[in-house]
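Breakdown of the fold
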Amino acid sequence: MKWGTIRMEIRVEYKREMNRNYMVAIPEGRQEAGYAIRMLSENPIPGFLPFQEKKINGDVRYYYDITSKQPLERILEYRNLTGEELRHLVSDLVFSLRQMERFLLDESQVILKPEYIYVEPDVFKCFFCLLPGKKGDFPNTLRDLSQYLLDHVNHEDGRAVILAFSIFKECKKENFGMEDIERCLQKPEREAVEKEAESRTFPQQKREIRQQAEWEPEKEQEKEQIPEREQEPFPESENSKEEMERGAFGGYGWILSVLGMVILPVMTFVFLGGEGVLQYKWILGALELFLGVSAKLLFEKERKSLKSKGKEDIEEAVWEVCFQDEKDQGSREYQPPRPSRIASVMEQQDDLEEEMQTMLLTAHPIDSVSRRLVSMSEDMEIPIGYFPFLIGKSKGIVDFCLNEPGISRLHIKIEETAQGYSITDLNSTNGTRVDGKLLEANATCDLLVGSEVEIAGQKFKFQ
C-alpha cells in the first residue's frame, strides 16, 4: 500500500473497490469540517473529484474517485505541458474555484500539489481535490503551482511559455485575484495575433516607402499595367548581376563627360586648326582633366548607388524568406510531443520528402532488448528495451500500446532498481496481479525474473 503525505495531519492511501479506484485521505485528530463534508457528499461539485465520507472502525476517511484519471505529476514525468494543455489546466482551475463560491466553500481547502491534481489524459480535463478541514495560505499554494507549471512547460511552444510566465508574474504580486489569472488566458492569444500582424505589415510598409522614394510620375501608368514581379529569394543570381551591370552602363552623366573629352579637341581642331590646338593646349588639357575626373566620380556614384540598392533588395528578400518560414511554421497544426522517451526526428530530403525517424531518449538506454513480457496464452511478447517502461492503450503516452479490452490508458510501469526490477499499477481500472497477488491502485512491488504478471486478465511471463 503506497502512502503519501499532505502538509497537514492527514495520511493518503489508494484502494480499489469494484473496479473503481479511490484516493483515501485519513485525517488524524478532530477536524472541524461538517459544512464542507455535507456539501461535498450531497452535491457533486463540477471540477472536483467525487467525494464520499466513510467511517471504518470509528475512523473517518475521505474517499475520492480517481478512476481512469492520472495525477498531473505522473503525466509530466517524461514530458512537458503544451500551450493548449496549460490553457485547459488553468481554465479548469478558474472554473472550479468559481464553483466553490456558489457553494460557499473555502478556497484554502483546495490541494494544488501536482500529485493531487488528477487529469483525464485523452482530453486533458483536470479535477481538483477539496480536503475538508484543511487550512493554509491559498495564494502561496497557487504561487507554488505557477512555479511548477513554469518549470514544466514546453519551451519550444511560444504560447505555452508566454502563458506560464504571465501567470507566474501575476501570482508574484502582493494582491492578486482570479480575475488577473483569467486575463492571462487571453493575453497570449492577443500578443500572438498582434505580433503576427506586425510581422506581416512591416515588410509591406518597407516596400511602400522605397517605392514612393523611387516613384516617377511619368511611369505611374506603366507600373499599374505591369504586374509586380515576385522577388527572387536570392538576388545574387546571374540575371540580377547582368541587370546591375546594364544599370551601371545605362547612366548618362559619366558618358557625357567621356564624350566631352573626345569632342572638345576635335571641335577645336576643326574651327582653329592645328595652330589653335597648340595655342590653347593648356586650357584644353585642364578641361580634359576636369571632364575625366567628372566622368570617374559620376561612374563611381552610379555604381555605389546600384550596389546599395542591390544590397537592400537582398536584405529584404532574406527578411521575407525568414518571415515566410515563420509564417509557414505558425500555420502548421501543432502536434503535442509524445510523453514517452521516444522523440520524433524529421529530416527533409532534396525532393522535399519527409521521413520520420525515432530516437530513444531514456534515462538508462540499452542497446538491445534486455527483458520482455511473453504472453502465456498467445503468440505475443512485449520487448522492454529501456526503463522505466509504460504499458497501456494510450498511444501518445505509453511505450508499448496494448490495445486490448480491459487495458487502461496507463496501466503499469516497469522500472529497474538497485535490487532488480519493480512494477507499479498506474491507477488501472481492472487491476494488475503479480504472481496471483492483486496490486492496489498506484501500488509498487518487486518484479522477479520468471514472475507471472496479469494485466486485465491477460497473463505474461517476465523474462
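Rules used throughout
- Residues numbered from 1 in each chain as written.
- Predicted model: local features only at pLDDT ≥ 70, side-chain atom pairs only at ≥ 80, totals over all residues.
- Heavy atoms only, no water.
- Helix = DSSP H or I, 4+ residues; strand = E, 2+ residues; numbered from the N terminus.
- Contact = heavy atoms within 4.5 Å.
- Areas by Shrake-Rupley, 256 points an atom, 1.4 Å probe, with all protein chains shown as cover.
- Disulfide = S-S within 2.5 Å.
- pLDDT = per-residue confidence, 0-100.
- Pairing = 2+ DSSP bridges.
- Buried < 20%, exposed > 50% of the residue type's maximum accessible area, 1.4 Å probe, protein only.
- Phe/Tyr/Trp six-rings, centres within 6.5 Å; stacked < 30°, edge-to-face > 60°.

1. What about the overall build of the protein chain?
Secondary structure summary: the protein chain contains ten helices and 25 strands in total. Relative to all contacts within the protein chain whose residues are 6 or more apart in sequence, the contacts with residues 24 or more apart total 56%. Element-wise, carbon and sulfur atoms account for 52% of the exposed surface of the protein chain, whose accessible area totals about 28000 Å².

2. Examining the state of the cysteines
Going through the model one piece at a time under the given rule, you end up with zero disulfides. Here cysteine 184 stays unpaired: no disulfide links it, and the sulfur of cysteine 171, its closest cysteine neighbor, is 7.7 Å away.

3. What about the side chain of serine 422?
Positionally, serine 422 belongs in strand β20 (residues 421-425). When neighbours within four sequence positions are excluded, serine 422 is seen to be in contact with Lys413, Ile414, Glu415, Thr417, Thr444, Cys445, Asp446 and Leu447.

4. Brief notes about the confidence of the model for the protein chain
Looking at the protein chain, the pLDDT average stands at 76 and 69% of residues meet or exceed 70. Taken as a whole, residues 1-8 scores under 50 in pLDDT and shows 23 contacts with residues more than four places along the chain or in a different chain. Here residues 317-368 is modelled with pLDDT under 50, and outside its nearest four sequence neighbours on either side it reaches 77 contacts, counting other chains as well.

5. Remarks on the sheet that holds strand β21 (residues 432-434)
Strand order in this open sheet of six strands is β15-β14-β25-β24-β21-β22, and the pairing throughout is antiparallel. Every other strand in the sheet has two partners, leaving β15 (381-384) and β22 (437-438) as the edge strands with one partner each. Of the pairings in the sheet, the one linking β21 to strand β24 (residues 452-455) comprises three bridges and is antiparallel in character. Bridge pairing in β24 places threonine 432 opposite isoleucine 455.

6. Some words on the environment of glutamate 288
On the secondary structure map, glutamate 288 appears in helix α10 (residues 281-331). With 26 residues separating them in the primary sequence, glutamate 288 and valine 262 have C-alpha atoms 8.6 Å apart. Excluding residues within four positions of it along the chain, glutamate 288 makes contact with Gly260, Met261, Leu264 and Pro265.

7. Some remarks on the pairing of strand β25 (residues 458-462)
Consecutive side chains along a regular strand alternate between the two faces of the sheet. Across the two faces of β25 the burial differs, with Gln458, Phe460 and Phe462 buried and Lys459 and Lys461 not buried at all. Strand direction decides the pairing type here: strand β14 (residues 371-375) and β25, joined by three bridges, are antiparallel. In the sheet register, serine 375 faces β25, and the bridge partner there is phenylalanine 460. The pairing of β24 with β25 spans four bridges and is antiparallel. Bridge pairing in β25 places glutamate 454 opposite lysine 459.

8. Focus: the packing of aromatic side chains
Enumeration according to the criterion identifies six aromatic pairs in this entry. Look at phenylalanine 51 and tyrosine 62: their rings are 5.4 Å apart centre to centre, the planes differ by 45°, and that puts the pair in the tilted class. Residue phenylalanine 51 is found in strand β4 (residues 51-56), and its partner tyrosine 62 is found in strand β5 (residues 59-65); the two are separated by eleven residues along the sequence. Centre to centre, the rings of phenylalanine 387 and tyrosine 421 are 5.4 Å apart; their planes meet at 40°, and the pair counts as tilted.

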